[in-house]
Every structure is written in C-alpha cells, then in structure tokens.
Amino acid sequence: MPIPDWMHSHLTPQATGHQPDVWNGKTLLERNVTHTNLNYRLYDRRTGTLLSFNSTNSIDSLVTDVLRTRDENPTAQITAVEYDGPAWPDAAPAKTSRLRINLTGRKKAA
C-alpha cells in the first residue's frame, strides 16, 4: 500500500493540506513527521526465542515485521525489545528497553 504524499515530507500534515487527525472526537496535536533509528529484536515472550531483528528508521517497517512474524509464528506472544545499536557481532554491549506490542494496537510496558 503506498503511503500518502504528505508522509514523505518533514512538514506537518496540516502544512501540506492534510486534515488534522481526530481521535474519539478530539483533534490531536500537530506534530512533525520523524525518522528515528530503531534497532530491535522480536522475541516470543513465553519461550524467549528470537523470531526476528532489524535496524530501520521506518515505523512502518517495524509494523510490517511484527505482522509477518505473527503470521509465521501464530502461537507466539510477540515482544519487541529496542536496543541502542544494530545487532552486529562487533557492536558494543547494548542497553535495552522492553515494549510489549499488543496486536490490537495498544502498547504496554513489559
């Protein structure tokens, strides 16, 4: 699915003519689009099995990976762990933060 043209810009959606985002009848604050480096690994929370990993600056890539991993491992309880660097052997020891991704769209701290 192609993304809307306004998402390719660092301008706010409103500055490019996009209508404000509304959630439950309330207008969300205007914010700039960002591209933050994400270094993560996906695990099965119950077994600790590594299911996938990636380094990207696209949240869409992360979501796509979670959905693909869910399809490939339907019984897994997928947990994303964000690291402070890529998953290469020569990388320095990484600090971690855990974020449980609930596939209903809500996020919960683990």
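Just so you know, these numbers come straight off a predicted model, no measurement behind them. (Residues numbered from 1 in each chain as written. Predicted model: local features only at pLDDT ≥ 70, side-chain atom pairs only at ≥ 80, totals over all residues. Heavy atoms only, no water.)

**Details of the packing of aromatic side chains**
Inclusion rule: By convention, a stacked pair of Phe, Tyr or Trp rings (six-membered ring in the case of Trp) has centres within 6.5 Å and planes under 30 degrees apart, an edge-to-face pair has planes over 60 apart, and any other such pair is tilted. Put simply, a charge is over a ring when the Lys NZ or the Arg CZ is close to the ring centre, within 6 Å, and near the line of the ring normal, within 35 degrees.
Inspection of the entire model under this criterion finds zero aromatic pairs. When the ring centre of Tyr83 is taken as reference, the NZ or CZ atom of Arg41 above it lies at 4.4 Å.

**Some remarks on the pattern of salt bridges**
Here is the rule: Salt bridges, as used here, are contacts in which a Lys or Arg side-chain nitrogen is within 4 Å of a carboxyl oxygen on Asp or Glu. Buried residues are those whose accessible area, probed at 1.4 Å on protein chains only, stays under 20% of the maximum for their type, while exposed residues exceed 50% and partly exposed ones sit between those limits. For helices the rule is a DSSP run of H or I covering at least 4 residues; for strands it is a run of E covering at least 2, with both sets numbered from the N terminus onward.
A full pass over the atoms with the stated rule returns four salt bridges. Between Arg46 and Asp44 there is a salt bridge; the shortest N-O distance is 3.9 Å. Taking the relative accessible area as the measure of exposure, Arg46 reaches 49% and is therefore partly exposed. In this structure Asp44 comes out as buried when scored by relative accessible area, which is 8%. Between Arg68 and Glu72 there is a salt bridge; the shortest N-O distance is 2.8 Å. Here the residue Arg68 and the residue Glu72 both occupy positions in helix α1 (residues 59-72), the gap between them amounting to four residues, near one helical turn. Assessed through its relative accessible area of 48%, Glu72 is described here as partly exposed.

**Re the confidence of the model for the chain**
As a reminder, the rule being used: Confidence of the predictor in every single residue is expressed as pLDDT, which spans 0 to 100. Residue contacts follow a heavy-atom distance rule, with two residues in contact if any of their heavy atoms lie within 4.5 Å.
With 65% of its residues at a pLDDT of 70 or more, the chain shows a mean pLDDT of 79. Long-range and interchain partners of residues 104-110, a stretch whose pLDDT sits below 50, account for eight contacts in this model, where long-range means more than four residues apart.

**So, the side chain of Ser52**
Selection rule: Two N or O atoms form a polar contact when they lie within 3.5 Å of each other; inside protein one atom must be a possible hydrogen donor and the other a possible acceptor, and for residues adjacent in sequence the pair counts only when both atoms belong to side chains.
In this structure, Ser52 sits in strand β4 (residues 50-56). For Ser52, a relative accessible area of 9% puts it in the buried group. In terms of polar contacts, Ser52 uses its side chain to reach the side chain of Arg68, at 3.2 Å. Setting aside residues up to four positions removed in sequence, Ser52 forms contacts with Arg41, Leu42, Asp65, Arg68 and Thr69.

**Some points on the nonpolar core**
Short version of the rule: Residues belong to a common nonpolar core when they are buried Ala, Val, Leu, Ile, Met, Phe, Trp, Tyr or Cys residues joined through side-chain atoms within 4.5 Å.
Listed in full, the eight residues of the largest apolar core are Leu38, Tyr40, Leu42, Leu62, Val66, Ala76, Ile78 and Ala80. Listed by contribution, the elements that provide at least two residues to this core are β3 (38-44), α1 and β5 (78-83). Considering every element that reaches this core, the biggest residue donor is β3, with three residues. The contacts of Ala76, once residues within four sequence positions are left out, are Asp44, Arg46 and Leu51.

**Some details on the pairing of β3**
We apply this condition: A strand pair is defined by DSSP finding two or more bridges across the two strands.
Among the seven residues of β3, six are classified as buried, and the element is accordingly described as predominantly covered. Bridge count for β3 against β4 is six bridges, and the pairing is antiparallel. Counted as the bridge partner of Asn39 is Ser55 from β4. Turn length for the β3-β4 hairpin, with the two strands adjacent in sequence and antiparallel, is five residues, and the turn residue Gly48 shows positive phi of about 80°. With six bridges joining them, β3 and β5 adopt antiparallel strand pairing. Paired with Asn39 across the strands is Tyr83, a residue of β5.

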